[in-house]
Every structure is written in C-alpha cells, then in structure tokens.
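Single-letter residue listing:
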Amino acid sequence: QVQLVESGGGLVQVGGSLRLSCAASGRTFSMGWFRQGPGKGRVFVAGISRSGDLTDYADSVKGRFTISRHGADNTLYLQMDSLTSEDTAVYYCAATKSPAVPVWEGDYDYWGRGTRVTVSS
C-alpha cells in the first residue's frame, strides 16, 4: 500500500513561486501531479518516471513548472514559477505502478488528498 501526503500549498501573488512536496510511503514507480481548478475537472500537470530520467508536462505549465523527485527519501516535488491566476487549484500527488509516465488519471493507482494553491492578483 502506498500513502501520499502533499504539502506546500498556500496563497501566493501573481508572478510568484511555490514548491509543492509529496511524501510517499511504500514502493512507487512513476509519479505525477494533477490539479483541479474551481468548477473544473482534474487534469494532468506533470509526471516523472521512477528513475527521474523521463518527465512530461502539460502545455500550460511547460517552462514554468519543474517536477523532480528525491529517491533517498521518496519525495516528489513540483517547483512552480511565474504563477498566474489560472494556476489556482487543488494539486494532487499521484503514483502509478506503471514504468511509463501516464497523463490520464485513470492510469494512476494511488492519490494524495491534495493541497490548495491560490494565486491572487
């Protein structure tokens, strides 16, 4: 069983930065971040393979967000820069048994409870 706990959310101004963390217990393979904005469905943000050598990003965050993982303590990160109001959402950490980097939430097996990010102007 894998447990995921996100942290690092909060209130930030437009143009600011925030780093999200996800502490994972148990063995994990590829991991990802999803987000759900107000009145919207949950969508893929970024994903990373177990080794960290493969990453994928949603077009909306490319060049602004960076996903990484620290193998020693099994922690996933999402560095978010140049934030806009469109980035306001609840951010979820997810883990999958697949060695690939899926973009569809149905391919992920474990989920955290989410951390809220609010970007204000």
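Here the structure is shown first, and the text comes after it.
Residues numbered from 1 in each chain as written. Predicted model: local features only at pLDDT ≥ 70, side-chain atom pairs only at ≥ 80, totals over all residues. Heavy atoms only, no water.

Trainee: Whenever I open this one, the overall build of the chain confuses me. Can you help?
Mentor: A count of helices and strands for the chain gives zero helices and eleven strands. Put simply, the chain runs from its N terminus to its C terminus through helices and strands in the order β-β-β-β-β-β-β-β-β-β-β. Scaling as 2.2 N^0.38, a compact globule of 121 residues should have a C-alpha radius of gyration of about 14 Å, and the chain matches this with 13 Å. Here the chain holds 121 residues, and 46% of them are scored as buried. The long-range share in the chain, meaning contacts at least 24 apart out of those at least 6 apart in sequence, stands at 57%. Split by element, the accessible area of the chain, about 6,200 Å² in all, is 48% carbon and sulfur. (Helix = DSSP H or I, 4+ residues; strand = E, 2+ residues; numbered from the N terminus. Rg over C-alpha atoms; globule rule 2.2 N^0.38 Å. Buried < 20%, exposed > 50% of the residue type's maximum accessible area, 1.4 Å probe, protein only. Contact = heavy atoms within 4.5 Å. Areas by Shrake-Rupley, 256 points an atom, 1.4 Å probe, with all protein chains shown as cover.)

Trainee: Any chance you could explain the packing of aromatic side chains here in plain terms?
Mentor: By convention here, two paired aromatic rings are described through the distance between centres and the angle between planes. Following the criterion strictly, the structure yields four aromatic pairs and no others. Here the aromatic rings of Phe34 and Tyr108 are separated by 5.1 Å at their centres, their planes lie at 80°, and the arrangement is edge-to-face. Here Phe34 is found in strand E4 (residues 30-36), whereas its partner Tyr108 is found in the loop between strand E9 (89-96) and strand E10 (110-111), with 74 residues between them in sequence. Overall, Tyr108 belongs to the buried group, its relative accessible area being 5%. Through successive ring pairs, a cluster of aromatic residues spans Phe34, Phe44, Tyr108 and Trp111. For the cation-ring pair, Arg42 lies above Tyr92, with the distance from its terminal atom to the ring centre recorded as 4.8 Å. Above the ring of Trp111, the side-chain terminus of Arg42 is found at 3.8 Å from the ring centroid. (Phe/Tyr/Trp six-rings, centres within 6.5 Å; stacked < 30°, edge-to-face > 60°. Lys NZ or Arg CZ within 6 Å of the ring centre and 35° of its normal.)

Trainee: So what exactly am I meant to see when it comes to the side chain of Thr96 here?
Mentor: Looking at the element boundaries, Thr96 is found in strand E9. A polar contact is formed between the side chain of Thr96 and the backbone oxygen of Asp107, at a distance of 2.8 Å. (Polar contact = N/O pair within 3.5 Å; in protein donor to acceptor, adjacent residues only side chain to side chain.)

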